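What follows is the residue order along each chain.
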Amino acid sequence: MKTVRVRDKDFRLFLTPQQIEGRVQELAKLLNQEYAGKRPILLPILNGAFLFAADLIRRLEVQPELQFIRVSSYGKSMQSSGKVELLVGLDIDIEDRHVLIVEDIVDTGLTFDYVKEYLLQKKAASVEIVSLLFKEANFKGKNLPRYVGYNIPPAFVVGYGLDYAQSGRELDGIYTVVEEA
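Notes on the structure follow. (Residues numbered from 1 in each chain as written. Predicted model: local features only at pLDDT ≥ 70, side-chain atom pairs only at ≥ 80, totals over all residues. Heavy atoms only, no water.)

## Here's the deal with the pairing of strand S2 (residues 9–15)
Logical step 1: By the bridge criterion, four bridges tie strand S1 (residues 3–6) to S2 in an arrangement that is antiparallel. Bridging from a neighbouring strand, Thr-3 pairs with Arg-12 of S2.
Logical step 2: Hairpin connection from S1 to S2: two residues lie between these consecutive antiparallel strands, with Arg-7 at a positive phi of about 55°. (Pairing = 2+ DSSP bridges. Helix = DSSP H or I, 4+ residues; strand = E, 2+ residues; numbered from the N terminus.)

## Some details on the sheet that holds S1
Logical step 1: Pairing is antiparallel across the open sheet formed by four strands, whose spatial order is S1-S2-S11-S10. Edge positions in the open sheet fall to S1 and strand S10 (157–158), since each of these has one partner strand only.
Logical step 2: Judged from the four bridges that link them, S2 and strand S11 (residues 174–177) form a sheet pairing that is antiparallel. Bridge pairing in S11 places Leu-15 opposite Ile-174.

## A few points about the environment of Thr-3
Logical step 1: Inspection of the secondary structure puts Thr-3 in strand S1.
Logical step 2: Taking relative accessible area as the criterion, Thr-3 reaches 46% and is therefore assigned partly exposed.
Logical step 3: Distance from Thr-3 to Thr-176, taken between C-alpha atoms, is 9.2 Å for residues 173 residues apart in sequence.
Logical step 4: Ignoring anything within four residues of it in the chain, the contact list for Thr-3 reads Phe-11 and Arg-12. (Buried < 20%, exposed > 50% of the residue type's maximum accessible area, 1.4 Å probe, protein only. Contact = heavy atoms within 4.5 Å.)

## Examining unusual backbone geometry
Logical step 1: With an omega of 5°, the peptide bond between Leu-46 and Asn-47 qualifies as cis.
Logical step 2: Tracing the chain through its elements places Asn-47 in the loop between strand S3 (41–46) and helix H2 (50–57).
Logical step 3: You will see that Gln-63, though not glycine, has its phi angle at about 50°, which is positive.
Logical step 4: Take Gln-63: it is sitting in the loop between H2 and strand S4 (65–66).
Logical step 5: Despite not being glycine, Gln-166 has its phi angle at roughly 70°, a positive value.
Logical step 6: Tracing the backbone shows Gln-166 in the loop between S10 and S11.

## Description of the side chain of Arg-169
Logical step 1: With respect to the helices, strands and loops of the structure, Arg-169 is situated in the loop between S10 and S11.
Logical step 2: For Arg-169, a relative accessible area of 14% gives the class buried.
Logical step 3: Here the side chain of Arg-169 touches Asp-163 through a polar contact of 3.2 Å, side chain to side chain.
Logical step 4: Apart from the residues within four sequence positions on either side, Arg-169 is in contact with Asn-47, Gly-48, Phe-50, Leu-51, Gly-159, Tyr-160, Gly-161, Leu-162 and Asp-163. (Polar contact = N/O pair within 3.5 Å; in protein donor to acceptor, adjacent residues only side chain to side chain.)

## A look at the nonpolar core
Logical step 1: Core analysis: the biggest nonpolar cluster contains 26 residues, and Leu-31, Phe-52, Leu-56, Val-102, Val-130, Leu-133 and Ile-174 have the highest contact counts within it.
Logical step 2: Secondary-structure elements contributing two or more residues to this core are helix H1 (17–34), H2, strand S7 (98–106) and strand S8 (126–134).
Logical step 3: A per-element tally of this core places H1 first, with five residues.
Logical step 4: When near neighbours in sequence (up to four residues on either side) are disregarded, Leu-31 contacts Ala-36, Leu-56, Leu-60, Val-62, Leu-100, Val-130 and Tyr-147.
Logical step 5: Within the second largest apolar cluster, 21 residues are counted, among which are Ile-45, Ile-101, Val-115 and Phe-139. (Core = buried A, V, L, I, M, F, W, Y, C linked by side-chain atoms within 4.5 Å.)

## Side note on helix H3 (residues 110–121)
Logical step 1: The terminal C-alpha atoms of H3, which comprises twelve residues, lie 17 Å apart, in line with the 16 Å expected from a rise of 1.5 Å per residue.
Logical step 2: All of the buried residues along H3 are Thr-111, Phe-112, Asp-113, Val-115, Lys-116, Tyr-118 and Leu-119. (Expected span 1.5 Å × (residues − 1).)

Honestly, that's just the spatial picture; any functional story needs more than this.
What follows is the structure in structure tokens.
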């Protein structure tokens, strides 16, 4: 099993680039059906969702608009802080528009709850989330993600945009931390 070293930790391959690509294609097909004629606003959350969003948008036929926001819920550790902060917000009018938040991973769900409330206050017609990964065991939020690539166990993961202390985003697969004995 392929392993890589990121900073001071070892990570084992969990999802191959081919598995990710196949699932992104499946999600895009579903979104093309469900958002046909709606021209949604695709709203990736920076920094982690940028690779997933880039691959997803190239497969969408619904001509989405693209905007980015940046929020923070992780400190310098591998655990969510539980506190969500908006760092960069929207600069377009989303009133009566369908917004599709793009996330790399939904962990506790608190980020999604925060962002959804923020978007609903701006009078979005609908707000849903497409997340490549979902840690259902860690979920504490009010709003379940509607579109999920993979349900995963609560282990820490890196690669394909996900980072460990700003490192490891460039890995083309997704890797899970190897727990020390």
